[in-house]
Amino acid sequence: MERSRSLVGMEVPIPGSDSVKWIEVSVPSTTPATSTSPSSSSLPLAPLTEDTAACVIFGDPPTYLIWRIHKSQPCALDLVELCAFKEFPMTGIRILFPDALCPFAFICKDENRSASGNLYLLYALTVSGVAYLFKLRNFFTYESCSIFPSNDLTEFNLQTYPHYGEITAVAATSGSLVIGRNDGSVSLFRLGMFDQSAPEFVHELRDDTGIGRLWGFIARGRMVSPVQDLVISEVVGRKLVFVLHFDGMLRVWDLVSHSKVFSCTMTTTPLLGATFLRLWVGEAKYNTNIIPLVILCRQALEVDKEMISIYHLHFNVGDRIIFFLDSSMQNIPSEEGKFIDVKLTSDKIWMLKLDGLISHNLFHANTNLEEGHCYALQETFVADQLFQSSEHCLDDLLWISHSLFSSMKEQIVSFLSSIFLRRLLHPGVYNNSVLHATLQDFNKHWSNPEFQSLTVDGLKKEILSLIEHEGVPESPSTIFYCWKNFCARYFHYWCKNSAPYGLLVDSSTGAVGLIRKDSLSLFRCLEDIELLIYGSFDELGAFLNSGFDLYADDLEREILFELLRCISSISLQLGKTASALFYESLISAQLISSEEIVPRLLKILETGCSSSVAAHPISDLGADGAWEKELGDHKTLRKFSVDMLLSLHALCNKANSWSRVLNAIESYLKFLVPRKMTQGIHSEVLFNINTSILVQATSQVAKVMFESALDILLLLSYLVNISGQIYMLHDDISRIQLELVPMIQEIVTEWLIIHFFGTTPTESPAFEDFSSQLSSLQIDSNDDRKSWNERLGKCDFTLALMLLVNIQSPSGDLSQLSLRSLPSPHSFISSVQDFTSWIIWGSTGEESSAFFSHSTELASILLRHGQYDAVEYLLTIVDAHSRKEKLSGSIQSSDGGWCKLHHLLGCCLLAQAQGVLNGIHKEKKICEAVRCFFRASCGEGASQALQSLSSEAGLLHLGLNGHLSSAAWKLHYYQWAMQKFEQYNISEGACQFALAALEQVDESLGPQNDSSGEDTLNELATSFKGRLWANVFKFTLDLNHFYDAYCAIISNPDEESKTICLRRFIIVLYERGAIKILCDGQLPFIGLTEKVERELAWKAERSDIAAKPNPYKLLYAFEMHRHNWRKAASYMYLYSARLRTESVLRDHPNLSLALQERLNGLSAAINALYLVHPACAWINPILGGNHLHNEHYPSKKAKKMAEEQSSSNDAQLQKLQTYVDVEKLENEFVLTTAEYLLSLANVKWTYTGMQKLPSDLVDLLVETNLYDMAFTIALKFWKGSGLKRELDRIFIAMSMKCCPNRVGSSLTRTRGLMLTSSKDDTYIQSSTDPDPSTQQSKGINRWEKLELYLEKYKVFNARLPVIVAETLLRTDPQIELPLWLVHMFKANQKEKYWGMTGQESNTATLFQLYVDHGRYTEATTLLLEYIESFASMRPADIIHRKKPSAVWFPYTTIERLWCQLEQMISMGNMVNQCEKLKKLLHEALLRHLNLLKVDSDDALSSSSVQ
């Protein structure tokens, strides 16, 4: 009875084989449709398309040519050419046929025309019966979407040849195509050897000979069953075709003589009613004269029940070959499922099924008892990775996760997402086309080039965004079930797109591979420890037969097997999710430490999942379902606890003590430690298919070892927890905790690192980094380097591959990597052991007291290639493990390994901080990097150890020879660290190391170090400190720590450096708008006040006058804060002078703003001088700023600029030679104010300070309605008669503006000056406004202003009312003087009983003006008013009127008025009105004269009485 097959190996996928880009080449159709009948047009002539593939191997070193035919793409044939010593090809050829293909293709070397560029011959057949022969050239010569060259293509339509049935089988060899039909006939076509019209082109292989050929139809009466399969094989130099018929008949034909050489009916198979389907012929073994034959049979009633039968065909070689069939045979049932493909080697048969690859010995002595070996397919691994191996696997993950993170449920989502992402993108699980198809189900659509261009980070981002969109981010359960759905769909597409097609078997090397739909993989054998882990422990003999002898004592073996059973029980109880959670806790961000997970997993083993967790997924399972699950879990837990307790008691009883059990565990742990391989000669390892496969195999081994070590850790921890129940002594508990657990933790960490390297994709290059941009130029034109850079950031290019191609490997031990062929399953074992040994122990395998001493070398390689995250993880976990083991003393040994570790970690963190945006994360990276560098500098042997590192990996060689003191070493190292931080533009770190270096200067450059001669250690301490303090200044300034930067300046002992820094300090403060810090008293100017002032003034003279903040204002504030009033005034005056000069020279576009600034400057200068004693209230502009021209300039350029400015401003400098007092400043302020107001009215007038006061300025201000400014200037610059004259001119102009009906006035000439309105004079809009109401309102405003200003300024000139009235009457003859003006004349006179006397502007003057300007009515009215007033005086006032000379009237003017009236009457003008006025005047004068006569008489009488 057949024994169960044992697992001896597993599939190893070749990275990148799923990402081939196809060059599509179409086949031109030259054969027309030849359907001769309706029936023939609807039925295929040849077998229908099926999924099939095969590999053809050529040459030495071998070239593997793989072809595929897909049922989903029946018209396409894919070709990929690969070599083991090269990378997997990025492109392949896809030949597109005009019709569907049969599941057949044959490829061979083109021996005849290989020199002309044709490498291969390809035979293909379509279902319509058209055969093709292609002469293939180098694949790189074809272009996509092109037509296959017609001269390299031969086409033959089999329908043109008389046939007797449908084609059922086809085979080919070089120059020949053999077909078998359903009528049992076999035809040979010399396709490619003879012309299709030649007689030799076609041969039919028949049984009849001689005269029988003449019988024709009678000869064909001997019918045979349909042909099922054809195989062409070469035996003793002759090509034979083996024909298997439907009824089991096997016939062998000689293709040269066209004769049959053998025929027999095969032995009946154990399957009743079986059908013979396929035939495989092995290589002829000439030492035994046996040809192995393999026939596949299928039971007719059960489609999936198949059997492989192995026959031995013996042959004798003489004049002819004689065959006879051995009666014995070996049957291999399929048990479940179909056989997909079968391949034969010299001694083995390889059978591919959906559930695994099976190997059997072809020549086993006992055919019925021979045990087959099984190789696991990748489907099993992918299902485990995606939690698809069982129905409840994902549910267990959710339940256990909630139990582990019961107090951190809000963080479960990110943790679970990290697990799923890591496993989806795991090498061997990730498939480009599968993920593309899965994302398309979620409406994520990309073109193939776009999707293939996505890096790992891009894929993660897209997947996470999809999951978050589908679920609720705040709900762990919804996100979890989104992941569950996503993984289920992904696994479905993975199985569909990665369906196994056929086997790849290289008989020369023993390599066995699997051709899948869109990928390729190889098979490897399991290591001995893997055989033990995957094997069955029920039968001891199976283990002993494996050749892996762990113990010499059978009892110890039994103890070990019992332990493994206990471990298996724990693993089954927790499921496959425990290792995933534990692994993620070690790899990802520290949501929870791995040390916390183990106790929580043990709690689950003891008490089950938390009761609070059970209530969470009730909504998904339903109340009844959740209750049933909880009951089932409780029963399972109780059974597990009881079984474990009984097993452990039995184990202790068998071993007699727990000490012996622990001895067995310790012995077993030694086999889990990565083996140490001594390596010698070194050679370069190239990046190729073999290296990729090795990395994949290593990651598989590491996963098994990691999980095994974890299982043992859980078992030991479980033993400690239940130690009281199993009667374990305290010494045994202590041994577990102090010896075994640390040993296991170290093993776990080592395999974790190996697995991390083997499965973690490399980081994408940072293209914004200059070094990355430089490397991307590919100056060296190295193809391997180019391919490497293209693969960075892709899922199939892992860290281990990067390490492997940098390994200096031994030519003997890692010989597999230098092979030019694909490796055999057994060769993987030694290669994996060598690679893991190199990762953990290095190339020499030397012992070290430090954990993972080779980590620094690995970190250097990764750091050199920009893999910063990997470096951080590697060194962090090594450092954490070392500190946990309390090995700091040994780590800080004289070899400097501890220093190297922290140095490299610091370099890594520093590079990471550069690529991180500002924030807490970046600050954390910087702080950790600083800490690492400081720790690295303090270790023993740091100087020699760190200088031994390559420059690419960190520290540049300092060129320090001989013994260095600790201070000298730290000084140089801190300077290097400072420069490193400065290189990455991280000033906070650079500043710390600059300050640390300063602390070492005195000690390192002391007298004890002077013996070294003229080298760097003998520099002057002052110069050294000066440079360091200058660096501190620079870094603090970059950080905007201005106070610290100033402290660095005053601490600098180098005066020259201090001056440079001070100047830079001021410049930067200007640029960043922080210059006020110099003026607010925060900085202590210890002996630097003059320098600061000089630098500020130097900056002011060389800065743009429009700079903000303005340097002159800062100088003003600087001096005012120090009570230097005169200097403050001087700088503001210089500011005003520069504004005046530059606004004139530049024709400033916004003159009003510049003038406003000038006013502010002058005002500040005046205010400052008012704070000085009046006797000292003056400034010297030369001392204020121009003395800087005589100072030392830091550069020739600055001096040149100053000279140019000096020459261009000679006039101004000449002006500034005089002293300036407050009065001059006030005068300039007034004139500048006038210029400013004019600029607001768009009137250009410039005061340069050189000319005398212009006489037309006041007129210009009046014309612009700037009356206040006009009066101010008049009062400021004129006195006495000059002031009266200017006031007269002002009021004349104002009066004329109040006359809207004037003719010939200057108003029309000044309208062009009144373009815009002033905010102070709202009535200046447009003097030509046609609206009368508008004109009236404007006039009213003018009259009001005239009244206001006249009332205000008549005290300076009493004749101003006269001037105004005269101007009005002269300008407009029809105008009526405003009442307020008339009242102003009347108000200036004495009491009315005095008549018309008074001040200069009195009623007599007004009366005279009326008369002079012909205003007779107004004059008469005014005179009558006063005469009547004089006559109607109160009795009390009559006494005053009667005094001598008390009354005066302008009688002369009255006489003139009388004469004018008479003249008007005589001329006939206004006769009636004039006569009336004359009459009124006559009557009033008579009364008045009479009254005067009476008063005179009274005055005479009174005087005589006296």
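Residues numbered from 1 in each chain as written. Predicted model: local features only at pLDDT ≥ 70, side-chain atom pairs only at ≥ 80, totals over all residues. Heavy atoms only, no water.

Draft legend 1. Inspection of the overall build of the protein at higher detail. Scanning the protein from N- to C-terminus turns up 55 helices and 34 strands. Going through the 1506 residues of the protein one by one, you find that 53% of them count as buried. Considering only contacts in the protein between residues 6 or more positions apart, those separated by 24 or more positions represent 66%. For the protein, the accessible area works out to roughly 67,400 Å², and carbon and sulfur atoms hold 53% of it. (Helix = DSSP H or I, 4+ residues; strand = E, 2+ residues; numbered from the N terminus. Buried < 20%, exposed > 50% of the residue type's maximum accessible area, 1.4 Å probe, protein only. Contact = heavy atoms within 4.5 Å. Areas by Shrake-Rupley, 256 points an atom, 1.4 Å probe, with all protein chains shown as cover.)

Draft legend 2. Representation of the pairing of strand E20 (residues 274–281) within the structure. Counting buried residues in E20 gives six out of eight residues, a clear majority hidden from the surface. For E20 and strand E21 (residues 290–299), the ladder comprises seven bridges, and the chain directions are antiparallel. Note that in E21 the partner of leucine 279 across the bridge is isoleucine 295. (Pairing = 2+ DSSP bridges.)

Draft legend 3. Summary view of the environment of threonine 1022. Inspection of the secondary structure puts threonine 1022 in helix H33 (residues 1021–1038). Through-space distance from the C-alpha of threonine 1022 to that of glutamate 1055 is 9.8 Å; in sequence the pair is 33 residues apart. For threonine 1022, the residues in contact, after removing those within four places along its chain, are Pro1053 and Asp1054.

Draft legend 4. Structural context of the packing of aromatic side chains. Within this structure, the stated rule accounts for 48 aromatic pairs. Ring plane angle 85 degrees and centroid distance 6.0 Å describe the contact between tyrosine 286 and phenylalanine 315, whose orientation is recorded as edge-to-face. Taken together, the positions of tyrosine 286 in the loop between E20 and E21 and phenylalanine 315 in strand E22 (residues 306–317) put the pair 29 residues apart, joining distant regions of the chain. You can call tyrosine 286 partly exposed: its relative accessible area is 48%. Among the residues examined, phenylalanine 315 registers a relative accessible area of 0% and is labelled buried. Measuring from ring centre to ring centre gives 4.1 Å for phenylalanine 1271 and tyrosine 1353, while their planes differ by 20 degrees; the resulting arrangement is stacked. In this pair, phenylalanine 1271 is assigned in helix H45 (residues 1267–1277) and tyrosine 1353 in helix H48 (residues 1332–1353), connecting sequence segments 82 residues apart. Using a relative accessible area of 0% as the deciding quantity, one classes phenylalanine 1271 as buried. Here tyrosine 1353 falls in the buried class, since its relative accessible area comes to 5%. Taken together, the aromatic side chains of Phe933, Phe934, Trp969, Tyr973, Tyr974, Trp976, Phe981 and Phe993 make up a single cluster linked through ring pairs. (Phe/Tyr/Trp six-rings, centres within 6.5 Å; stacked < 30°, edge-to-face > 60°.)

Draft legend 5. Seen up close, the sheet that holds strand E27 (residues 373–376). Pairing is mixed in the open sheet, where eight strands are placed in the order E24-E25-E26-E27-E1-E30-E29-E28. In this open sheet, the two edge strands, each paired with only one partner strand, are strand E24 (339–344) and strand E28 (500–506). Taking each pair of neighbouring strands and ignoring which way they run, the sheet shows an average axis angle of 25 degrees. Taken together, the six bridges between strand E25 (residues 348–353) and strand E26 (residues 356–361) define a ladder with antiparallel strand orientation. Directly across from tryptophan 350, in E26, lies its bridge partner serine 359. Strands in contact with helix H18 (residues 689–721) are strand E1 (6–13) and strand E30 (520–525); relative to E1, the strand with the most contacts, it is inclined by about 135 degrees. (Axes fitted to C-alpha atoms, helices over the stretch in contact; angles between N-to-C directions.)

Draft legend 6. Quick look at unusual backbone geometry. The amide bond that connects aspartate 60 to the next residue, proline 61, takes the cis arrangement and shows omega of 5 degrees. You can see proline 61 is positioned in the loop between strand E3 (52–58) and strand E4 (63–69). Positioned with a positive phi, asparagine 985 is a non-glycine residue whose angle comes to about 60 degrees. Mapped onto the secondary structure, asparagine 985 falls in the loop between helix H31 (966–983) and helix H32 (987–1004). The backbone phi angle of asparagine 1040 is positive, close to 65 degrees, even though this residue is not glycine.

Draft legend 7. Spotlight on helix H12 (residues 577–587). Here H12 lies mainly inside the structure; 11 of its 11 residues are buried. When H12 is considered as a whole, its buried residues turn out to be Thr577, Ala578, Ser579, Ala580, Leu581, Phe582, Tyr583, Glu584, Ser585, Leu586 and Ile587.

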